[in-house]
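One letter stands for each residue in the lines below.
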Amino acid sequence: FFFSSRRRHTRFLPVSWARRCVQETVFMPSIINQQKAMHKFRLLQPEMTNFQKTMQRCMQAKDMVGLQSAQKNFQQLLSTHDVSQWKVIKPQLLQLPIILSWFFCLSEITQKPEIYPAIKTEGFLWFQDLSSYDPYYVLPFISAFISFYNIKFSMSQNQQPGPAEIQRIMSLVKYIPFAAIPIMIFFPAGLN
């Protein structure tokens, strides 16, 4: 897809470098906006926590008028500071099609070693053939551990106080890569 097996050694690096520069140029404004929105969320976190506590008290007291008033004030707070949750998740949603197309492209390449013969011979250590599964199941575990530590590190950098339910869910999110191991075992070594 992105390279030809005959011209791979001469043209792959410049094409890859140029493609990466274009991707960074296209996505950099949205990433910067995401960082700004996250910073605004952190600055507003004490006020947001107060509104959440007020809304919880109103819900426990079954005070619907007070709840609606608190929700309206909360929305006004977000709009006056130009903060929305959409601005935080937008870059990930924009990058998702590119990540998926990259995955499907690599999947297609690893499934057609007759078209890309280098896939059969240019592996590393025990997995010389990138089109076959890892016989020792080491790569899926390495991938899961790297993802786990990446998520754990990024979560420790962005710790924010919040409701106990959200904190519990966020503490479970970091274990999702281990749940994906049974699926990743059947991926070719070139995808792990």
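Before reading further, recall that the structure is shown in the block above.
In what follows, the accompanying structure is described.

A few points about the pattern of salt bridges
Now for step 1: Counting across every chain of the model gives one salt bridge.
Now for step 2: The partner of K112 in a salt bridge is E108, with the nearest N and O atoms 2.6 Å apart.
Now for step 3: Residue class for K112 comes out partly exposed when judged on its relative accessible area of 30%.

A few points about the nonpolar core
Now for step 1: Residues M48, M55 and F74 are the most contacted members of the largest nonpolar core, which totals 15 residues.
Now for step 2: For this core, the secondary structure elements donating two or more residues are α1 (8-60) and α2 (64-80).
Now for step 3: No other element matches the eight residues that α1 contributes to this core.
Now for step 4: Once you skip the residues sitting within four places of it in the chain, F74 turns out to touch M48, F51 and M55.
Now for step 5: Counting eight residues, the second largest nonpolar core, distinct from the first, contains I109, F127, L130 and A189.

Focus on a nonpolar patch on the surface
Now for step 1: Together, F124, L125, W126, Y136, V138, I142 and I146 line one region of the surface with nonpolar side chains, adding up to about 730 Å² of accessible area.
Now for step 2: When you line up the elements, I146 lands in helix α5 (residues 138-157).

Describing the environment of C58
Now for step 1: Inspection of the secondary structure assignment puts C58 in helix α1.
Now for step 2: Judged by its relative accessible area of 11%, C58 is buried.
Now for step 3: The sequence separation of C58 and A70 amounts to twelve residues, and the corresponding C-alpha distance is 8.7 Å.
Now for step 4: Beyond its immediate stretch of four places on either side in the chain, C58 contacts D63, G66 and L67.

A short note on the packing of aromatic side chains
Now for step 1: Taken as a whole, this structure holds seven aromatic pairs when the rule is applied.
Now for step 2: On the numbers, 5.1 Å between centres and 75° between planes, the contact of F145 with F178 is edge-to-face. Of this pair, F145 sits in helix α5 while F178 sits in helix α7 (residues 176-179), and the two are 33 residues apart along the sequence.
Now for step 3: Residue classification places F145 among the partly exposed residues on the basis of a relative accessible area of 40%.
Now for step 4: Ring pairing ties together the aromatic residues F145, F148, Y149, Y175 and F178, which thus form one cluster.

Quick notes on unusual backbone geometry
Now for step 1: Positioned with a positive phi, K62 is a non-glycine residue whose angle comes to about 60°.
Now for step 2: Residue position: K62 is located in the loop between α1 and α2.
Now for step 3: In the Ramachandran plot, Y137 falls in the positive-phi region, its phi being about 60° despite a non-glycine side chain.
Now for step 4: Within the fold, Y137 resides in the loop between α4 (118-121) and α5.
Now for step 5: With relative accessibility at 41%, the residue Y137 sits in the partly exposed group.

A word on the environment of Y136
Now for step 1: Within the secondary structure, Y136 sits in the loop between α4 and α5.
Now for step 2: In the structure, Y136 is positioned 49 residues away from I185 in sequence and 9.5 Å away in space, judged by C-alpha atoms.

Observations regarding α2
Because an α-helix packs 3.6 residues into every turn, residues spaced three or four apart end up facing the same way.
Now for step 1: If you check α2, its first and last C-alpha atoms are 24 Å apart, about what 17 residues at 1.5 Å a residue would give, namely 24 Å.
Now for step 2: Three or more residues of α2 are buried, namely G66, L67, A70, F74, L77 and L78. The arc that holds the buried residues of α2, viewed along the axis, is 110°, so those residues lie on one side. The exposed set on the far side of α2, more than 90 degrees from its buried face, consists of V65, Q68, K72, S79 and T80.
Now for step 3: Where α2 terminates, the next one or two residues include D82, which has phi positive at roughly 55°.

Parameters at a glance
Residues numbered from 1 in each chain as written. Predicted model: local features only at pLDDT ≥ 70, side-chain atom pairs only at ≥ 80, totals over all residues. Heavy atoms only, no water. Salt bridge = Lys/Arg side-chain N within 4 Å of Asp/Glu carboxyl O. Buried < 20%, exposed > 50% of the residue type's maximum accessible area, 1.4 Å probe, protein only. Core = buried A, V, L, I, M, F, W, Y, C linked by side-chain atoms within 4.5 Å. Helix = DSSP H or I, 4+ residues; strand = E, 2+ residues; numbered from the N terminus. Contact = heavy atoms within 4.5 Å. Patch = residues over 30% accessible without salt bridge, like charges linked within 9 Å, V, L, I, M, F, W, Y side chains within 5 Å. Areas by Shrake-Rupley, 256 points an atom, 1.4 Å probe, with all protein chains shown as cover. Phe/Tyr/Trp six-rings, centres within 6.5 Å; stacked < 30°, edge-to-face > 60°. Expected span 1.5 Å × (residues − 1). Arc of directions from axis to C-beta.

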